[in-house]
Structure formats: C-alpha cells, structure tokens
Amino acid sequence: MSLIDEVGKGMEAPNGLAQLQALLASGRKPGILVSLDFDFVEVAEGRAVFAGVPGEHAYNPIGTVHGGYAATLLDSACGCAVHSRLAAGQGYTTLELKVSYHKAITRDSGLLRAEGQVLSIGRRAAFSRADLVGADGRLYASATSTLLVFER
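Please read these numbers as outputs of a predicted model, since none were measured by experiment.

What counts and how
Residues numbered from 1 in each chain as written. Predicted model: local features only at pLDDT ≥ 70, side-chain atom pairs only at ≥ 80, totals over all residues. Heavy atoms only, no water. Pairing = 2+ DSSP bridges. Helix = DSSP H or I, 4+ residues; strand = E, 2+ residues; numbered from the N terminus. Axes fitted to C-alpha atoms, helices over the stretch in contact; angles between N-to-C directions. Contact = heavy atoms within 4.5 Å. Salt bridge = Lys/Arg side-chain N within 4 Å of Asp/Glu carboxyl O. Buried < 20%, exposed > 50% of the residue type's maximum accessible area, 1.4 Å probe, protein only. UniProt positions renumbered as here; feature names shortened; annotations may be inferred. Polar contact = N/O pair within 3.5 Å; in protein donor to acceptor, adjacent residues only side chain to side chain. Phe/Tyr/Trp six-rings, centres within 6.5 Å; stacked < 30°, edge-to-face > 60°.

On to the sheet that holds strand β4 (residues 112–121). With respect to topology, 6 strands assemble into an open sheet ordered β1-β2-β4-β5-β6-β3, the strand pairing being antiparallel. Edge positions in the sheet fall to β1 (38–44) and β3 (90–101), since each has one partner strand and no second. Taken pair by pair, the neighbouring strands of this sheet meet at an average axis angle of 20°, ignoring direction. In the packing of helix α4 (residues 67–83) onto the sheet, the strands contacted are β1, β2 (47–52), β3, β4, β5 (125–134) and β6 (139–151), and the crossing angle to β4 comes to about 40°.

Written out as structure tokens, the structure reads:
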C-alpha cells in the first residue's frame, strides 16, 4: 500500500487534493523527504510547495549542493501540483523534467522553497512548472515538467 493510500484510508474516494491534504495533516514523510531532509509545506488546487535547508548531506565533491537536490525539490513541486488536480483513482509519473540552474547552492544558501503550479492538464498528460527561491527572494533554479496521467 502506498503512503497516499494509507493516509487516505477511510476517506470515500478522495481526489488528489484531499489525498495530499491528508498527507500533510498526518505529519508523515515519504522516504525521499527523509533522505534529503526537506518538507512538504503547502498544497492547494494546482499548487504545491516543498522547502528545505540544504546541508553537507547533499554536497557533491566540488563543494556545492548536488544539482539533484534542486531537481528533486522541483520535481516534487511539479508532480504534487499535478496530483492536486487528479480525480480519485488517478496517478501520475514524470515523463520529462527540464531544470535550469541559476545560482550555485551551498549550505549557506538557507531555506529554499520550491513552488510548483499546473500549467495545463488533460486526460493523459499534464504540464507544470516550479521555481526554487531562497528566503532572500533569489531564484536558484527553475523547472518545467511533462507528466503522464494514468488510472491507478
């Protein structure tokens, strides 16, 4: 059973937004949030926000935060924004993620927020975008995503 199914247990056919709201209310974290030490902080219809403070746990050998850290926050924001628009019984998976890195991330970058929003959604495909912004308002990275929508 998935974490989404566990937190939605007892709810009658919860749509994607209700599933994500139940996940937030439960306080439980999927493994990726635990391993990279970031949080799911907000959800609304067509919008999702993740936040984290990068540390040395995410460093690459050259002394900056690995690009995968930013990509994971952005992919999570893009994906959950789409999830919030799905009907009960639907799922999604990322088909493509295009990330642009605007500024190097280090442990001194502080709190970063990945804010995702749906651009459009159809029966089989969805498109979303996200920005990774620091507490100082600086843009660290941005992404666009194409996602496959399917019946679970």
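Picking up after the structure, the text goes on.
The next thing to look at is the pattern of salt bridges. Pairs can form between side chains of opposite charge once their charged atoms are near each other. What the rule picks out here adds up to 9 salt bridges. Across the salt bridge formed by E6 and R28, the nearest N and O atoms sit 2.9 Å from each other. With E6 in helix α1 (residues 3–7) and R28 in the loop between α2 (16–26) and α3 (31–36), this residue pair connects regions lying 22 residues apart in the sequence. Using a relative accessible area of 35% as the deciding quantity, one classes E6 as partly exposed. On the basis of relative accessible area, R28 is assigned to the partly exposed category, the value being 42%. Notably, a salt bridge pairs D131 with R129, separated by 3.1 Å at the nearest N-O pair.

Per the UniProt record, "domain: Thioesterase" (unreviewed entry) is found at residues 63–139. Across residues 63–139 one finds 22% helix and 43% strand; the C-alpha atoms that close the span lie 20 Å apart.

Here we come to α2. By the burial criterion, the buried members of α2 are G16, L17, A18, Q19, L20, A22 and L23. Buried-residue contacts for α2 involve α1, β1 and α4. At the N-terminal boundary of α2, the capping side chain belongs to N15, with an oxygen 3.2 Å from the backbone nitrogen of L17. Backbone geometry just downstream of α2 places G27 in the positive-phi region, at approximately 75°.

It is worth spelling out the pairing of β1 at this point. Both β1 and β2 contribute to a ladder of 6 bridges, which runs antiparallel. Paired with F40 across the strands is F50, a residue of β2. Hairpin connection of β1 to β2: 2 residues between the antiparallel strands, including G46 at a positive phi of 80°.

This part takes up the packing of aromatic side chains. Scanning all chains against the criterion turns up 3 aromatic pairs. Between F38 and F50, the ring centres sit 6.0 Å apart and the planes meet at 65°, which makes this aromatic pair edge-to-face. Of this pair, F38 sits in strand β1 while F50 sits in strand β2, and the two are 12 residues apart along the sequence. Assessed through its relative accessible area of 3%, F50 is described here as buried. When the centroid spacing of 4.7 Å and the interplanar angle of 15° are considered together, the rings of F40 and F50 count as stacked. One end of the pair, F40, is in strand β1; the other, F50, is in strand β2, and 10 residues separate them in sequence. Among the residues examined, F40 registers a relative accessible area of 12% and is labelled buried. An aromatic cluster is built from F38, F40, F50 and Y69, whose rings are joined through pairwise contacts.

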